[in-house]
Amino acid sequence: MEVDDYKPVKMVVVDGIVMGPTHCAYDNCTEELQNARGGAFCIQHKTAYGNVCRMWTCGNQRVAGTLACATHQGRIDENLPWQQRGPQPAARAHDNNEDDDDPPPRAHFFGSSKFYCVETVCAPCGVVIAWTKFDKSESPTCILNFLQSIFPTAESRPGYVCIDKACRVLKWCNPAPLNGSAPNLVQIAYDKNGRLCLQRAYNTEASEQLNAWLGGFESILKQMKIGNFDWFLHTMMFYHTQQVIAKQKKKEKVVNMQQEEEEEEEDDDDDDEGPARHWNLNDNADEIVD
């Protein structure tokens, strides 16, 4: 097959941003909190837990006006397990190298849980294809399940997935081929010295750029309930996508105008050469008639 016969390939860019709303603290429950201002459980688990001490595996009744039983009561200066000791740096699953980096189970239910991150899938141009929330970590299993839900069939899957965890998620890394089979990934260009060189023809930071923009709304988003968080984030991504499409159309219009101008200049050059001259031979003479 000739290089010119290859068709453009499809690529998506995947990345996550550590940000998310709070949800029920009970194990494997991501329902909305009954009380978003200091609550720890959804309606169902708040009713089920009742007046039981909020320490894990403790079944004692809690002291009135508190969240713990008599055994787990203590003064503030005792620094008991559920009392904060100032800001503690949390281990980010983003930076771990384990295959499935879920955090350890909770030791108590004195506060709510929180979604770990928002994962986005974008086209290299910046158009948002899909997004979701990961509860505990950005593990390879979560990413693969997310991609499977977006691209369920082999026909719908992109030819390339650009992700900073490719060696862990996909178990292999396939760089863009140089044989011309991916014409919209690698293109031939000229450097400043006029020499031919291979140039990347796509944006691998589309999702990171989107996440950097979304990070500006984190202070607002982290105060929202799950429903409000989802609506606001989806609306902002829709707005972002509309802006990207508008820019792409503007670029396309400029390119078309430049092509039309070049074609008009070529036509003008042809006209400047004057009318075509027709030469005929006179049958009765050697004279050439114009």
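Notes on the structure in this doc start here. Source: prediction; values computed, not measured.

## A look at the overall build of the chain
In terms of regular secondary structure, the chain is built from six helices and ten strands. In the chain, buried positions account for 31% of the 290 residues. By sequence separation, contacts in the chain at least 24 residues apart represent 56% of the contacts at least 6 residues apart. For the chain, the exposed area adds up to about 19,500 Å²; of that, 50% sits on carbon and sulfur atoms.

## As for unusual backbone geometry
At Asn 28, a position not held by glycine, the phi torsion is positive, near 60°. Along the chain, Asn 28 turns up in the loop between β2 (22-23) and α1 (43-49). Phi is positive for Thr 57, close to 70°, though the residue is something other than glycine. Relative to the helices and strands, Thr 57 is located in the loop between α1 and β3 (113-114). According to the relative accessible area criterion, Thr 57 is exposed, its value standing at 70%.

## Here's the deal with the packing of aromatic side chains
Enumeration according to the criterion identifies eight aromatic pairs in this entry. Aromatic rings pair up to connect Tyr 26, Phe 41, Tyr 49, Trp 56 and Phe 109 into one cluster. When the ring centre of Phe 115 is taken as origin, the NZ or CZ atom of Lys 133, which lies over that ring, is 5.0 Å away.

## A word on a negative patch on the surface
Together, Glu 260, Glu 261, Glu 262, Glu 263, Glu 264, Glu 265 and Glu 266 line one region of the surface with negative charge. Relative to the helices and strands, Glu 265 resides in helix α6 (residues 226-272).

## Some thoughts on the sheet that holds strand β5 (residues 128-134)
Spatially, four strands are ordered β5-β4-β1-β6 in an open sheet, and the strand pairing comes out mixed. Looking at the sheet topology across the chains shown, the edges are occupied by β5 and β6 (160-163). The sheet shows a mean angle of 20° between the axes of neighbouring strands, direction not considered. As defined by bridge partners, strand β1 (residues 11-17) adjoins β6 across four bridges and the pair is classed as parallel. Counted as the bridge partner of Met 11 is Tyr 160 from β6. The strands touched by helix α2 (residues 140-150) are β1, β4 (117-122), β5 and β6; relative to β5, the strand with the most contacts, the crossing angle is about 140°. Where helix α4 (residues 206-214) meets the sheet, it contacts β1, β4 and β5, and its direction lies at approximately 35° from that of β1.

What counts, and where the lines are drawn
- Residues numbered from 1 in each chain as written.
- Predicted model: local features only at pLDDT ≥ 70, side-chain atom pairs only at ≥ 80, totals over all residues.
- Heavy atoms only, no water.
- Helix = DSSP H or I, 4+ residues; strand = E, 2+ residues; numbered from the N terminus.
- Buried < 20%, exposed > 50% of the residue type's maximum accessible area, 1.4 Å probe, protein only.
- Contact = heavy atoms within 4.5 Å.
- Areas by Shrake-Rupley, 256 points an atom, 1.4 Å probe, with all protein chains shown as cover.
- Phe/Tyr/Trp six-rings, centres within 6.5 Å; stacked < 30°, edge-to-face > 60°.
- Lys NZ or Arg CZ within 6 Å of the ring centre and 35° of its normal.
- Patch = residues over 30% accessible without salt bridge, like charges linked within 9 Å, V, L, I, M, F, W, Y side chains within 5 Å.
- Salt bridge = Lys/Arg side-chain N within 4 Å of Asp/Glu carboxyl O.
- Lys, Arg positive; Asp, Glu negative; His and termini not counted.
- Charge placed at Lys NZ, Arg CZ, Asp CG, Glu CD.
- Pairing = 2+ DSSP bridges.
- Axes fitted to C-alpha atoms, helices over the stretch in contact; angles between N-to-C directions.

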